[in-house]
Each structure stands twice: as C-alpha cells, then as structure tokens.
Amino acid sequence: QVQLVESGGGSVQAGGSLRLSCSASGYSNSTPWMGWFRQAPGKEREGVAVIYTVGSSTYHADSVKGRFTISQDNAKNMVYLQMNMLQPEDTAMYYCAAGRSEVGTSVFAIRRYNYWGQGTQVTVST
C-alpha cells in the first residue's frame with residue numbers, strides 16, 4: 001500500500017541542475033530501499049541511485065557519480081535526487097521506486113522494487 005509520486009522534472013540545458021522529489025505515502029520499514037531509475041527511449045530501465053532509508057547508506061551508478069546525489073528528509077517520507085551537471089545522455093523518464101532487501105541481488109536490481117511512481121520526464125538539451 002505504498003504510493004509514490006515524483007515531481008521536479010523538466011527541460012534544462014546541458015550543465016544545468018534539477019532536483020527530483022519523491023513523496024512516499026504508506027511507507028514502512030517493510031520497504032526500506034528506495035531508489036531512482038530511468039529509462040530512455042529504446043533502452044532498458046537502469047538504476048541511477050538508491051538509498052537504504054533505515055541506515056541512510058547510498059549507492060550511485062558510475063554514470064552519475066559526482067553529479068547526482070540521493071538523499072532523504074528527516075521525516076523519512078521524502079526522497080530526493082539532486083542532479084547537477086546534467087548532460088543530454090541523462091534525458092529519460094525518471095521513476096521513484098520502493099522495495100525490500102533481497103540477498104544475492106544488486107541494490108539496483110529491479111526485482112527488489114515492487115512499488116513504482118508514475119515517472120517524471122527529464123530532458124537535457126545541448
């Protein structure tokens with residue numbers, strides 16, 4: 001019964017910044033992992049950044065390290081993705097997801113996440 005709603009997407013020029021927000025309703029410790037995934041046209045969905053909301057451990061994909069930062073607020077009901085130095089390759093639909101731990105799988109494994117938001121579009125132009 002977790003509902004996720006993303007916001008903050010938009011169109012920016014290369015080098016610009018955006019901050020995505022994910023509002024989680026019905027969140028509980030049964031879904032301690034939250035993350036951001038993206039999917040560009042013709043490509044598979046890929047993990048961008050995830051956070052273990054209980055201990056605040058974060059993980060970022062190599063493609064965004066140093067540019068994107070995932071975080072949560074103190075109330076534990078919001079997750080953010082600060083995106084700096086955006087590039088055209090970052091253009092995609094961005095989704096917020098929530099899920100549980102699964103031993104033997106990557107923190108970016110889609111199978112971990114059983115709740116998804118509707119997505120927010122990010123477009124970066126040259």
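Structure report, in brief. (Residues numbered from 1 in each chain as written. Predicted model: local features only at pLDDT ≥ 70, side-chain atom pairs only at ≥ 80, totals over all residues. Heavy atoms only, no water.)

## With respect to the nonpolar core
Stage number 1. M34, W36, L81, M83 and Y94 are the most contacted members of the largest nonpolar core, which totals 27 residues.
Stage number 2. Sorting the residues of this core by element identifies β3 (18–25), β4 (33–39), β5 (46–52), β7 (68–72), β8 (78–83), β9 (92–99) and β11 (120–125) as the ones contributing at least two each.
Stage number 3. L81 has contacts with L18, R19, L20, W36, V48, A49, F68, T69, I70 and Y94, leaving out every residue within four places of it along the chain. (Core = buried A, V, L, I, M, F, W, Y, C linked by side-chain atoms within 4.5 Å. Buried < 20%, exposed > 50% of the residue type's maximum accessible area, 1.4 Å probe, protein only. Helix = DSSP H or I, 4+ residues; strand = E, 2+ residues; numbered from the N terminus. Contact = heavy atoms within 4.5 Å.)

## Comments concerning the layout of surface pockets
Stage number 1. Each pocket or cavity is described by its volume, and for the largest pocket that value is around 170 Å³.
Stage number 2. Taken together, R38, Q39, A40, K43, E44, E46, S63, E89, T91 and A92 make up the lining of the largest pocket.
Stage number 3. Its residues placed into classes, the lining of the largest pocket shows 2 nonpolar, 3 polar and 5 charged. (1 Å grid on protein atoms, 1.4 Å probe; cavity = no way out; pocket = protein on both sides within 12 Å on 5 of 7 lines; lining within 4 Å. Points joined across faces, edges and corners; volume = space filled by probe spheres on them. Nonpolar A, V, L, I, M, F, W, Y, C, P; charged D, E, K, R; others polar.)

## Digging into the pairing of β4
Stage number 1. Burial within β4 is extensive, with 6 of its 7 residues counted as buried.
Stage number 2. Note: β4 against β5, 6 bridges, orientation antiparallel. Residue W33 lies in a different strand from β5, and its bridge partner there is Y52.
Stage number 3. Relative to β9, β4 runs antiparallel, the two being bridged by 7 bridges. Note that in β9 the partner of W36 across the bridge is C96. (Pairing = 2+ DSSP bridges.)

## Regarding the sheet that holds β7
Stage number 1. The 4 strands are arranged β1-β3-β8-β7 in an open sheet whose pairing can be described as antiparallel. A strand with exactly one partner marks an edge of an open sheet, and here the two such strands are β1 (3–7) and β7. Geometrically, the sheet is characterised by an average inter-axis angle of 15 degrees between neighbouring strands, direction not taken into account. (Axes fitted to C-alpha atoms, helices over the stretch in contact; angles between N-to-C directions.)

## Focus: the state of the cysteines
Stage number 1. In the structure shown here, the tally under the stated rule is 1 disulfide.
Stage number 2. Two residues, C22 and C96, share a disulfide whose sulfurs are 2.1 Å apart. Of note, the bridge from C22 to C96 carries an S-S torsion of about -80 degrees and is left-handed in sense. Of the two residues, C22 sits in strand β3 while C96 sits in strand β9, which places them 74 residues apart along the sequence.
Stage number 3. Residue class for C22 comes out buried when judged on its relative accessible area of 0%.
Stage number 4. Relative accessible area serves as the criterion here: at 1%, C96 is assigned to the buried category. (Disulfide = S-S within 2.5 Å.)

## A look at the packing of aromatic side chains
Stage number 1. Counted by the stated rule, this structure contains 5 aromatic pairs.
Stage number 2. With a centroid separation of 5.0 Å and an interplanar angle of 50 degrees, the aromatic rings of W33 and Y52 are classed as tilted. Taken together, the positions of W33 in strand β4 and Y52 in strand β5 put the pair 19 residues apart, joining distant regions of the chain.
Stage number 3. Plain terms: the ring middles of Y113 and W116 are 6.4 Å apart, the flat faces sit at 65 degrees to each other, and that makes the pair edge-to-face.
Stage number 4. Through pairs of rings, three or more aromatic residues link up here, namely W33, Y52 and Y59.
Stage number 5. Directly above the ring of W33 sits R112, whose terminal nitrogen or CZ lies 5.0 Å from the centroid. (Phe/Tyr/Trp six-rings, centres within 6.5 Å; stacked < 30°, edge-to-face > 60°. Lys NZ or Arg CZ within 6 Å of the ring centre and 35° of its normal.)

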